[in-house]
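Per-entry structural report
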Amino acid sequence: MDVFATALPALGEALTLIFQPQQLMYLILGVLLGLSVGVFPGLGGIAGLSLVLPFIFGMEPVSGLALMVGLIAVVPTSDTFASVLLGIPGSTASQATVLDGFPLSKKGEAARALSAAFVSSLFGGLLGAIVLTFFLLIARPLILAFGLPEMLMITVLGLSMVAILAGRIPLKGVAAAGLGLLIGTIGESDASGSLRMATYDIPYLVDGFKLVIVGLGIFAVPEIVALLRQDRAISRTGGLGSGWMRGIRDWAANFWLSVRSAAIGVIVGVIPGLGGSVVDWITYGFTVQGAKDKSQFGRGDIRGVIGPESSNNAKEGGGLVPTLIFGIPGSGSMAVFLGGIALLGYDPGPHMVRHNLDITYTIVWSLALANVVGAGLCILLSNQIARLTTIRFTLVAPFLFTIISFAAFQSSQSLADLAALMGIGVIGIMLRRFEWSRPAFLIGFVLSSQAESFANQAVQIATLRFKRGFWDGMEYIGSPIAITILVLTILSIVIGIRQGRQILGSGEPPVATRRAPLIFLLVITAYSAIAVWDASQINVMRDKIFPVTVGIVTLIACAFLILRMSRAPVGDAVFADLEAGEEDGAAPHGLWGTLGWFAFLLILASIFGFIIALTIFFVLFLRNRAGCGWVQTLVMTATAVGMMCFLGGVLGRDFPPGLLQEYFDLPWPFT
């Protein structure tokens, strides 16, 4: 009864906060932003949250939470447009929807597929919120049972799950997570302030890389570049056909499939680190296995849409369980969401559930309300959104390049932010090209700080306990919960290795030659070796033990990959290279030439400042790359400059200065 006496008033306060006009406005704004981001293939919730993260600092906390929750709630709904209309996964969480959604679209039943998907997403989101609400009622006693060893083991569990299951080759997942952890250790250590892979001669590196920049570089930059290389409209038709009511009837007829799929979404979301990378494939596999007639799957079976879409939004509710209760991201988007919560002044994890339960419930039921608003808007705006996808992506790309550059600069108001964005963007492009797990890299980066902190503190306390007596120390590190999590970690690795290919559900990857994948692997190996050597030179043991340990594990994974590459034939999946595939390989524009345009914008900004650089970039890009006439070029350039000035003025943000601003005193917005 004590639990209910505490939780119910907090739930009432949360509902009061949510339904205030200001919070509803920010929630709807977040939904609209999420809908806009989700329409473009590949961007997803991580890129969307990374874009708004710099702007929520200083906002009223509940308003900032409403904005972020509105965005992440609707992306798994709106990304269905790209999957159904284009046959391109709108995000990592909508890959399986393509298998039956796109064939339905080609049959002229896009409206049926979309309506079934939106209703399924709405149901899954609401179920996820309900489950999370009741789970939080019993969360406090569970939290009290978790000490430092248990939190460390949960972090390891999350890392092991994402590393194994988020990639075709398990060792690549391990190495990618290790690389993310190593890059997360760059700069001053939290324990004693020792520098790792950094120097005071480059002050920017002392503070390490910012989450906003890593999120944009790893996910947004590679997808924008990949789409820009195609030089075509995202969609060629824009028509949806008929069958809206039929899709709703399909969902009703498969109600229990939707329930089962949503339950799977919640469970997968709860497991730290899994999230959208695998939930749709797991659900799709269960959907096919549970069907009596399997003949139409992959050819346009509506159940192949209802199953994955029911789980996508439900896993966001499940993902909030480890995110809010333990401060462990349940997915890539939740990793960025954690950063947003911290920016608003809250400490995600046990402290937040204990002392800010009303805010915790505000997040939960904002998610539910955002699902309702998002699903309704998707249905209302479907025809208009479908028409937007007929615009050449070449006309959209310069706007996206501009926005992500501006967002990245807000991290530390330094030109080094733009250089870091470019560098991390190249890493993201290479990870994507050679099929290394980008979610594993990002979650490794996010968890690096707390994993090191948990490990250091746990070792210190355990050392003191062992000095008292052996069994006293064993009691501390070998608690039933810690042992259980350790067993789950081992099981997840074994099961992941055995079933990873089936869960990922894709065929053989494109392969060209040994050379490019091997060179990239050798670069990763060399960096890991340098990081280990650098950390080993530190005098303070607790500042070097974590990066040395992670680096050695990463090196071992790289060594096994090198061994496999030396023995495997050229066609082996370890040599995966998307440049040899149909989409990237046949692109009319080259990878580096396309990326060069983004680099050109950043170089111009460092010389002339952002607004002048933006003007020059738009004119040259639209005239030479997009082939636009002068009138269209000038109108779009003026629109971009006006949009950025409006955004900067309303939010009170500065623009990146260049060398020009050091010699001339220019008025805003040129300064």
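Description of the structure in this document. Bear in mind the structure is a predicted one, so any value in this text is a computation, not a measurement. (Residues numbered from 1 in each chain as written. Predicted model: local features only at pLDDT ≥ 70, side-chain atom pairs only at ≥ 80, totals over all residues. Heavy atoms only, no water.)

A short note on the overall build of the protein chain
What the protein chain contains, in helices and strands, is 32 helices and two strands. Here the protein chain holds 671 residues, and the buried ones make up 60% of them. Surface accessibility of the protein chain: about 26,000 Å² in total, with carbon and sulfur atoms responsible for 68%. (Helix = DSSP H or I, 4+ residues; strand = E, 2+ residues; numbered from the N terminus. Buried < 20%, exposed > 50% of the residue type's maximum accessible area, 1.4 Å probe, protein only. Areas by Shrake-Rupley, 256 points an atom, 1.4 Å probe, with all protein chains shown as cover.)

Focus on helix α22 (residues 415-433)
A rise of 1.5 Å per residue sets the reference length of α22, with its 19 residues, at 27 Å; its end C-alpha atoms lie 27 Å apart and thus fit the reference within 8%. Looking one or two places after α22, you find Glu435, whose phi comes out positive at around 55°. (Expected span 1.5 Å × (residues − 1).)

Things to note about the pattern of salt bridges
The final tally for this structure, using the stated rule, is six salt bridges. Close ionic contact of Glu579 with Arg229 constitutes a salt bridge, the shortest N to O distance being 2.6 Å. Of this pair, Glu579 sits in the loop between α27 (541-567) and α28 (582-585) while Arg229 is found in helix α12 (residues 211-230), placing the two residues 350 residues apart along the sequence. Put simply, Asp577 and Arg433 hold a salt bridge, and the shortest N to O gap is 2.8 Å. Linking Asp577 in the loop between α27 and α28 with Arg433 in helix α22, this pair joins segments that are 144 residues apart in sequence. The exposure classification of Asp577 matches that of Arg433, with both residues buried. (Salt bridge = Lys/Arg side-chain N within 4 Å of Asp/Glu carboxyl O.)

With respect to the packing of helix α10 (residues 170-184) against helix α23 (residues 438-468)
In the contact formed by α10 and α23, the axes pass within 7 Å of each other and the chain directions differ by 35°. The hand of the α10/α23 crossing is right-handed. When α10 is examined against α23, the residues Gly173, Ala176, Ala177, Leu179, Gly180, Leu181, Ile183 and Gly184 are found in contact with a partner set consisting of Ala440, Phe441, Gly444, Phe445, Leu447 and Ser448. Considering only residue class, the contact of α10 with α23 consists of nine nonpolar, five polar and no charged. (Axes fitted to C-alpha atoms, helices over the stretch in contact; angles between N-to-C directions. Left-handed = near helix turned anticlockwise from the far one by under 90°. Contact = heavy atoms within 4.5 Å. Nonpolar A, V, L, I, M, F, W, Y, C, P; charged D, E, K, R; others polar.)

Notes on a nonpolar patch on the surface
The grouping of Ile483, Leu486, Val487, Leu488, Ile490 and Leu491 at the surface amounts to a nonpolar patch, some 490 Å² of accessible area in total. Mapped onto the fold, Val487 is located in helix α25 (residues 480-504). (Patch = residues over 30% accessible without salt bridge, like charges linked within 9 Å, V, L, I, M, F, W, Y side chains within 5 Å.)

Side note on the environment of Ile325
With respect to the helices and strands, the residue Ile325 is situated in helix α16 (residues 303-326). A residue is classified by how much of its surface remains accessible, and Ile325, at 0% relative accessible area, is buried. The spacing of Ile325 and Thr360 is 35 residues in sequence and 9.2 Å in space, taken between C-alpha atoms.

Some remarks on unusual backbone geometry
Even without being glycine, Met197 reaches a positive phi, approximately 50°. Structurally, the position occupied by Met197 is in the loop between β2 (195-196) and α11 (203-206). In this structure, Glu435 takes a positive phi of about 55° despite not being glycine. By the element assignment, Glu435 lies in the loop between α22 and α23.

Digging into the environment of Leu369
One can find Leu369 in helix α19 (residues 357-380). Separated by 351 residues in the primary sequence, Leu369 and Ile18 place their C-alpha atoms 8.9 Å from one another. Aside from chain neighbours lying at most four places away, what touches Leu369 is Ile18, Phe19, Leu24 and Leu27.

Considering the nonpolar core
Core analysis: the largest hydrophobic core is formed by 159 residues, its most contacted members being Leu65, Phe209, Leu216, Phe337, Phe401, Trp436 and Phe598. Considering every element that reaches this core, the biggest residue donor is α12, with 13 residues. Both domains that meet at this core, namely domain 1 (2-232 + 243-556) and domain 2 (591-663), each give it at least three residues. The contacts of Phe209, once residues within four sequence positions are left out, are Ile183, Ile186, Tyr204, Val214, Ala420 and Phe445. Ranked by size, the runner-up nonpolar core spans six residues in total, among them Leu181, Ala451, Ala531 and Val550. (Core = buried A, V, L, I, M, F, W, Y, C linked by side-chain atoms within 4.5 Å. Domains from an automatic or database assignment.)

Digging into the packing of helix α29 (residues 591-608) against helix α30 (residues 610-625)
In contact at an axis separation of 7 Å, α29 and α30 are set at 150° when each is read in the N-to-C sense. Taken together, the axes of α29 and α30 are roughly antiparallel relative to one another. At the point where α29 passes α30, the crossing takes the right-handed sense. Contact residues: α29 offers Thr594, Trp597, Phe600, Leu601, Leu604, Ala605 and Phe608, while α30 offers Phe610, Ile612, Ala613, Leu614, Ile616, Phe617, Leu620, Phe621, Asn624 and Arg625. Residues belonging to the contact of α29 with α30 are distributed by class as follows: 14 nonpolar, two polar and one charged. (Parallel < 35°, antiparallel > 145°, perpendicular 65-115°, else oblique.)

Side note on the packing of aromatic side chains
Under the counting rule described, the total for this entry stands at 17 aromatic pairs. On the numbers, 5.3 Å between centres and 25° between planes, the contact of Phe434 with Phe520 is stacked. Taken as a pair, Phe434 in the loop between α22 and α23 and Phe520 in helix α26 (residues 515-536) lie far apart in primary sequence, 86 residues in all. Judged by relative accessible area, which is 9%, Phe520 ranks as buried. Relative to Phe655, the ring of Phe610 has its centre 6.0 Å away and its plane inclined at 10°; by these criteria the two rings are stacked. Of this pair, Phe610 sits in helix α30 while Phe655 is found in the loop between α31 (630-651) and α32 (660-663), placing the two residues 45 residues apart along the sequence. Residue Phe610 shares its accessibility class with Phe655, and that shared class is buried. Pairwise contacts between aromatic rings join Phe399, Trp597, Phe600, Phe617, Phe618 and Phe621 into one cluster. (Phe/Tyr/Trp six-rings, centres within 6.5 Å; stacked < 30°, edge-to-face > 60°.)

As for the side chain of Ser528
Looking at where Ser528 falls in the secondary structure, it is placed in helix α26. The exposure class assigned to Ser528 is buried, which follows from its relative accessible area of 0%. Within the local environment of Ser528, its side chain forms a polar contact with the backbone oxygen of Ile524, the two atoms lying 2.9 Å apart. Here Ser528 is in contact with Leu182, Gly551, Thr554 and Leu555, once residues within four sequence places are set aside. (Polar contact = N/O pair within 3.5 Å; in protein donor to acceptor, adjacent residues only side chain to side chain.)

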